[in-house]
Amino acid sequence: MTLRAVIFDFDFTLVDSSRGFIDCHEYACRHLDLPAVSPEASMALMGTPLLEAFKLLFPAEHHPAADDYVKLWQMRADEVMTDLTEVFPDAPRTVAELRRQGLRLGIVSQKLRRRIEAVLERDGLAACFDVVIGGEDISEFKPHPEGLEKALASLGALPAEAMYVGDTVIDAQAAANAHVPFVAVLSGVTPAEAFLPFKPLAVLADIRGLPELCRSSC
């Protein structure tokens, strides 16, 4: 089928939000007197829902503090996440080229939509995307396909007429569950070999290679 739509993950696919994530983990740990989370540990759990991430980061004796941790993390994110998130330098040019190719564009992320939209508005990219699905728009997080299915419906595309672009195995699993072709990018912390079991359309260093890939798929 002809490619009609490209759907992106957000963090580490379109933007570098590492400073924000590290800051929020440090803040929550400090206020709950929990052991500090290393930057490497924070980054390794990118894309994992916060409650699940907390349980992976801390032993069971700390689990009663999980809800407070999530609340503190989100409160801190309201204060700093937008300012500490940087759009990848090549993202505006790449997105503009995909639009010139006549493709509809969307975002599906675990991140709250209002935070995504704040970054897009700040950097003049909001009008480039036809739909943004964030954490408050779904009842099941990735790898459940709900977010991708909602985006496809809004974009008027069948699964085979779209591709999902992401930087984590969770993104690859979500694409497989939604029967959407997947393109892996290595702009996050996941190595290329981790994506191979999902048979991606391509494994790219970053999103700069998308326009050429999409031209060959149209």
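Everything numeric in this text was worked out from a predicted model, so none of it was measured.

1. Examining the overall build of the chain
For step 1, the next point in the chain: Along the chain, the regular secondary structure elements total 9 helices and 8 strands.
For step 2, the next point in the chain: Taken over the C-alpha trace, the chain has a radius of gyration of 17 Å; the compact-globule value for 218 residues is 17 Å, and the two agree within 12%.
For step 3, the next point in the chain: Taking the principal axes of the C-alpha coordinates as reference, the chain spans close to 55 × 35 × 30 Å.
For step 4, the next point in the chain: Counting across all 218 residues of the chain, residues that qualify as buried make up 52%.
For step 5, the next point in the chain: A separation threshold of at least 6 residues defines the contact pool for the chain, and within that pool the share at least 24 residues apart is 66%.
For step 6, the next point in the chain: Counting every atom, the chain has about 9,900 Å² of accessible surface; 53% of that belongs to carbon and sulfur.

2. Here we look at the packing of aromatic side chains
For step 1, the next point in the chain: Scanning all chains against the criterion turns up 7 aromatic pairs.
For step 2, the next point in the chain: Both rings, one in Y164 and one in F182, keep their centres 6.4 Å apart while their planes meet at 55°; by these two values the pair is tilted. One end of the pair, Y164, is in strand 6 (residues 162–166); the other, F182, is in strand 7 (residues 182–185), and 18 residues separate them in sequence.
For step 3, the next point in the chain: Its relative accessible area of 0% is what places Y164 among the buried residues.
For step 4, the next point in the chain: Taken together, the ring pairs connect F54, F58 and Y69 into an aromatic cluster.

3. Brief notes about helix 8 (residues 169–178)
For step 1, the next point in the chain: Those residues of helix 8 that fall on the buried side of the exposure criterion are I170, D171, A172, A174, A175 and A178.
For step 2, the next point in the chain: Looking at the packing, one finds that the buried side of helix 8 touches helix 7 (146–155), strand 6 and strand 7.
For step 3, the next point in the chain: Positive backbone phi, at 60°, marks H179, one or two positions downstream of helix 8.

4. A word on the pairing of strand 4 (residues 104–108)
Walk down a regular strand and you will see the side chains alternate between the two sheet faces.
For step 1, the next point in the chain: Counting buried positions over the 5 residues of strand 4 gives 4, a clear majority of the element.
For step 2, the next point in the chain: As judged from the 3 bridges shared by strand 4 and strand 5 (residues 131–133), these two strands associate in the parallel manner. Bridge pairing in strand 5 links I107 to V132.
For step 3, the next point in the chain: Each parallel crossover has a hand, and for strand 4 linked through helix 6 (residues 113–122) to strand 5 it is right-handed.

5. Overview of the packing of helix 1 (residues 18–32) against helix 4 (residues 66–80)
For step 1, the next point in the chain: Contact geometry of helix 1 with helix 4 gives a least axis separation of 8 Å together with a crossing angle of 135°. If you check the angle between helix 1 and helix 4, you find them oblique. Like other packed secondary-structure pairs, helix 1 and helix 4 cross with a definite hand, here right-handed. Contact residues: helix 1 offers F21, D23, C24, H25, Y27, A28, C29, H31 and L32, while helix 4 offers D68, Y69, L72, W73, M75, R76, A77 and V80.
For step 2, the next point in the chain: Per-class residue counts for the contact of helix 1 with helix 4 are 12 nonpolar, 2 polar and 3 charged.

So, how was this worked out
Residues numbered from 1 in each chain as written. Predicted model: local features only at pLDDT ≥ 70, side-chain atom pairs only at ≥ 80, totals over all residues. Heavy atoms only, no water. Helix = DSSP H or I, 4+ residues; strand = E, 2+ residues; numbered from the N terminus. Rg over C-alpha atoms; globule rule 2.2 N^0.38 Å. Buried < 20%, exposed > 50% of the residue type's maximum accessible area, 1.4 Å probe, protein only. Contact = heavy atoms within 4.5 Å. Areas by Shrake-Rupley, 256 points an atom, 1.4 Å probe, with all protein chains shown as cover. Phe/Tyr/Trp six-rings, centres within 6.5 Å; stacked < 30°, edge-to-face > 60°. Pairing = 2+ DSSP bridges. Right-handed = clockwise from strand over helix to strand, strands pointing away. Axes fitted to C-alpha atoms, helices over the stretch in contact; angles between N-to-C directions. Parallel < 35°, antiparallel > 145°, perpendicular 65-115°, else oblique. Left-handed = near helix turned anticlockwise from the far one by under 90°. Nonpolar A, V, L, I, M, F, W, Y, C, P; charged D, E, K, R; others polar.

In short, shape yes, function no, at least from these values alone.
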